[in-house]
Amino acid sequence: MSLISRTLVDATTKALAQVMEFRFPADGVLSRYFRENRQLGHRDRGFIAETVYAVLRRKRFLERLLIGAGGAIGPRRWVLAALVRIQGVSTRDLAEVLRKGEADWLTAIKQADATPASLGDALDLPDWLTEELLGQMDEEALRALAYGLNQPAPLDLRVNAMRMGRDDALAALRSAGLEAEPGRWSPVAIRLVGKPAIQKNGLFLSGTVEVQDEGSQLLGLLLAPRRGEMVVDFCAGAGGKTLHLGAMMRSTGRLYAFDVSEKRLANLKPRAARAGLSNVHPVVLASEGDERVKRLAGKIDRVLVDAPCSGLGTLRRNPDLKWRQDPATVAEMVEKQLRILTRAATLVKSGGRLVYATCSILDRENRGVVEAFLAGHPEFCLEEAGALLSGQGVVMSVGPYLRLTPQEHGTDAFFAAALTRVA
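Residues numbered from 1 in each chain as written. Predicted model: local features only at pLDDT ≥ 70, side-chain atom pairs only at ≥ 80, totals over all residues. Heavy atoms only, no water.

Structural notes on the overall build of the chain
- Regarding its fold elements, the chain presents 21 helices and 12 strands.
- Taken over C-alpha atoms, the radius of gyration comes to 23 Å for the chain, in line with the 22 Å a tight globule of 423 residues would show.
- Seen through its C-alpha atoms, the chain measures out along the principal axes to roughly 75 × 50 × 40 Å.
- Pairs at least 24 residues apart make up 72% of the contacts formed inside the chain by residues separated by at least 6 positions. (Helix = DSSP H or I, 4+ residues; strand = E, 2+ residues; numbered from the N terminus. Rg over C-alpha atoms; globule rule 2.2 N^0.38 Å. Contact = heavy atoms within 4.5 Å.)

Side note on the layout of surface pockets
- Space inside the second largest pocket adds up to approximately 290 Å³.
- Met-137, Arg-403, Leu-404, Thr-405 and Glu-408 are the residues nearest the centre of the second largest pocket, which is lined by 19 residues in total.
- Listing elements by their share of the lining of the second largest pocket, those giving two or more residues are helix H9 (139-149), strand S11 (402-404), helix H21 (406-409) and strand S12 (414-421).
- Among the elements that line the lining of the second largest pocket, the one with the most residues is H21, at 3 residues.
- For the lining of the second largest pocket, the per-class residue count stands at 9 nonpolar, 7 polar and 3 charged. (1 Å grid on protein atoms, 1.4 Å probe; cavity = no way out; pocket = protein on both sides within 12 Å on 5 of 7 lines; lining within 4 Å. Points joined across faces, edges and corners; volume = space filled by probe spheres on them. Nonpolar A, V, L, I, M, F, W, Y, C, P; charged D, E, K, R; others polar.)

As for the nonpolar core
- Core analysis: the largest hydrophobic core is formed by 39 residues, its most contacted members being Leu-30, Ile-48, Val-52, Leu-62, Leu-94 and Leu-106.
- Going through the elements one at a time, helix H1 (6-19), helix H2 (26-36), helix H3 (42-57), helix H4 (59-69), helix H5 (75-85) and helix H6 (102-111) are the ones with two or more residues in this core.
- If we ignore the near neighbours within four places in the chain, the residues touching Ile-48 are Leu-8, Ala-11, Thr-12, Ala-15, Leu-30, Phe-34 and Leu-40.
- Core analysis: the second largest hydrophobic core is formed by 36 residues, Trp-185, Leu-218, Leu-255 and Ala-275 among them. (Core = buried A, V, L, I, M, F, W, Y, C linked by side-chain atoms within 4.5 Å. Buried < 20%, exposed > 50% of the residue type's maximum accessible area, 1.4 Å probe, protein only.)

Here's the deal with the sheet that holds strand S1 (residues 155-159)
- Strand order in the open sheet made by the 4 strands is S2-S3-S1-S4, with antiparallel pairing throughout. The two strands at the open ends of the sheet, each matched to only one other strand, are strand S2 (180-182) and strand S4 (209-211). With direction set aside, neighbouring strand axes in the sheet form an average angle of 35°.
- Summarising the sheet, S1 and strand S3 (residues 189-192) pair through 4 bridges and their orientation is antiparallel. In the sheet register, Asp-156 faces S3, and the bridge partner there is Arg-191.
- Each of S1, S2 and S3 is contacted by helix H10 (residues 166-175), which is oriented at about 165° to S2, the strand it contacts most. (Pairing = 2+ DSSP bridges. Axes fitted to C-alpha atoms, helices over the stretch in contact; angles between N-to-C directions.)

Focus on helix H12 (residues 214-223)
- Of all 10 residues in H12, 10 are buried; the element is thus mostly enclosed.
- Turning to H12, its buried residues are Glu-214, Gly-215, Ser-216, Gln-217, Leu-218, Leu-219, Gly-220, Leu-221, Leu-222 and Leu-223.
- Of the residues that open H12, the one with a side-chain oxygen 2.8 Å from the backbone nitrogen of Gly-215 is Asp-213.
- Ala-224, located one to two residues past H12, shows a positive phi value of around 50°. (Polar contact = N/O pair within 3.5 Å; in protein donor to acceptor, adjacent residues only side chain to side chain.)

Concerning unusual backbone geometry
- Unusually for a residue other than glycine, Phe-22 sits at a positive phi of about 55°.
- One non-glycine residue, Arg-250, lies in the positive phi region at around 55°.
- Positionally, Arg-250 belongs in the loop between helix H13 (240-248) and strand S6 (254-259).
- Residue Arg-250 is classed as partly exposed on the basis of its relative accessible area, which comes to 36%.

Considering the pattern of salt bridges
- For the structure shown, the criterion picks out 28 salt bridges.
- Asp-412 is the partner of Arg-317 in a salt bridge, and the nearest nitrogen-oxygen pair spans 2.7 Å. Separated by 95 residues along the polypeptide, Arg-317 in the loop between strand S8 (300-306) and helix H17 (321-324) and Asp-412 in the loop between H21 and S12 bring together distant segments of the chain.
- When its relative accessible area of 3% is taken as the criterion, Asp-412 is described as buried.
- Two residues, Arg-353 and Glu-383, come together in a salt bridge whose shortest N-O distance is 3.4 Å. (Salt bridge = Lys/Arg side-chain N within 4 Å of Asp/Glu carboxyl O.)

Details of the packing of aromatic side chains
- The tally for this structure, following the rule as stated, stands at 5 aromatic pairs.
- When the centroid spacing of 6.2 Å and the interplanar angle of 65° are considered together, the rings of Tyr-33 and Phe-34 count as edge-to-face. Comparing Tyr-33 with Phe-34, the two get one shared label, buried.
- Connected via pairs of aromatic rings, a cluster forms that spans Phe-234, Tyr-256 and Phe-258.
- Here the basic side chain of Arg-274 rests over the ring of Phe-204, its NZ or CZ set 4.8 Å away from the ring centre. (Phe/Tyr/Trp six-rings, centres within 6.5 Å; stacked < 30°, edge-to-face > 60°. Lys NZ or Arg CZ within 6 Å of the ring centre and 35° of its normal.)

A short note on H5
- Most of H5 sits out of view: 8 of its 11 residues are buried.
- The complete set of buried residues in H5 reads Arg-76, Trp-78, Val-79, Leu-80, Ala-81, Ala-82, Leu-83 and Val-84.
- In this fold, the buried residues of H5 make contact with H1, H3, H4 and H6.

Here is the structure:
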């Protein structure tokens, strides 16, 4: 008997219809949909999310099939095509779900010509993004990157070293029936197999582990805050990196979590308390030029700027971004990034370190912003990312900049540059 019911396909169709308006981030739309439909169980929510994200990842591929099969194209047809052509569901398993004529239509979908008309078509990327990336790398490298970005992301955890060592955390997770392995790069990373409901696990509830991509963990290791220092997480968001920095500081010194969104910072205090951190101070800024930033000028040992960006390095988790971004929104981001970096740099004391990071794959958001900043600020110099990470026990082949990609490192795509104020 099929586990795919008519009710479940209908729910998935309704969720996809809301997501494909592309007005809001897909994860937020799905979260709201699940809150409004609390009768959906964990398995149902997983099915809906997996199917919706399959459509978003392979939208151009599915569109070719839908056009080739003929007829009207709507959310239900996107869902059925994704189930059959991407997730490998047989038409037999969908027998109880299909309406009149849909069995023949699905047969046409299975036989439809999927030959791509362009490179962007083949990679399931917008043409503008394909062209921009071809200016940064050759076609072979781009195909590898696109393949990595079109895969679902694994679930990574960061162990709070103030609470427990990684080996003990691994043992505890395995004893709870979870498949867990140590991360490849970060000494406090754990990778889980599948997508278990970790929020109900005792280690999570006690603040011993947090959900955090291994690549994101490397940003904290690059900043390398020390005990007793003054540190600022300039674009803290929900505070995941802030918690990592606080643990590295062993809850000593003073750690400011700045953000312009009160909503994003709202849960940081209880999360910090759960993690055993008393040195975290969330601060809601009116803007990057807030008076409280000016008062700390030249006093901070380490500043992390995880800048607002296109997010195109997180397409494994947020595939809707490739359909929601365009050259104009990226250009706006670049202006904002340089403005934020310039303001954050005023905080750094002589000899202090500033790390600029994004989860973007675009050079103009990454190296372009750093080079523009350095051209106007000779008091800062670029440090070798590889050497700094090696000092934290992370041995990886990187140059002056830290560049992470899913196909090479198994992480989201991150960029980071470490800068030191030398005078």
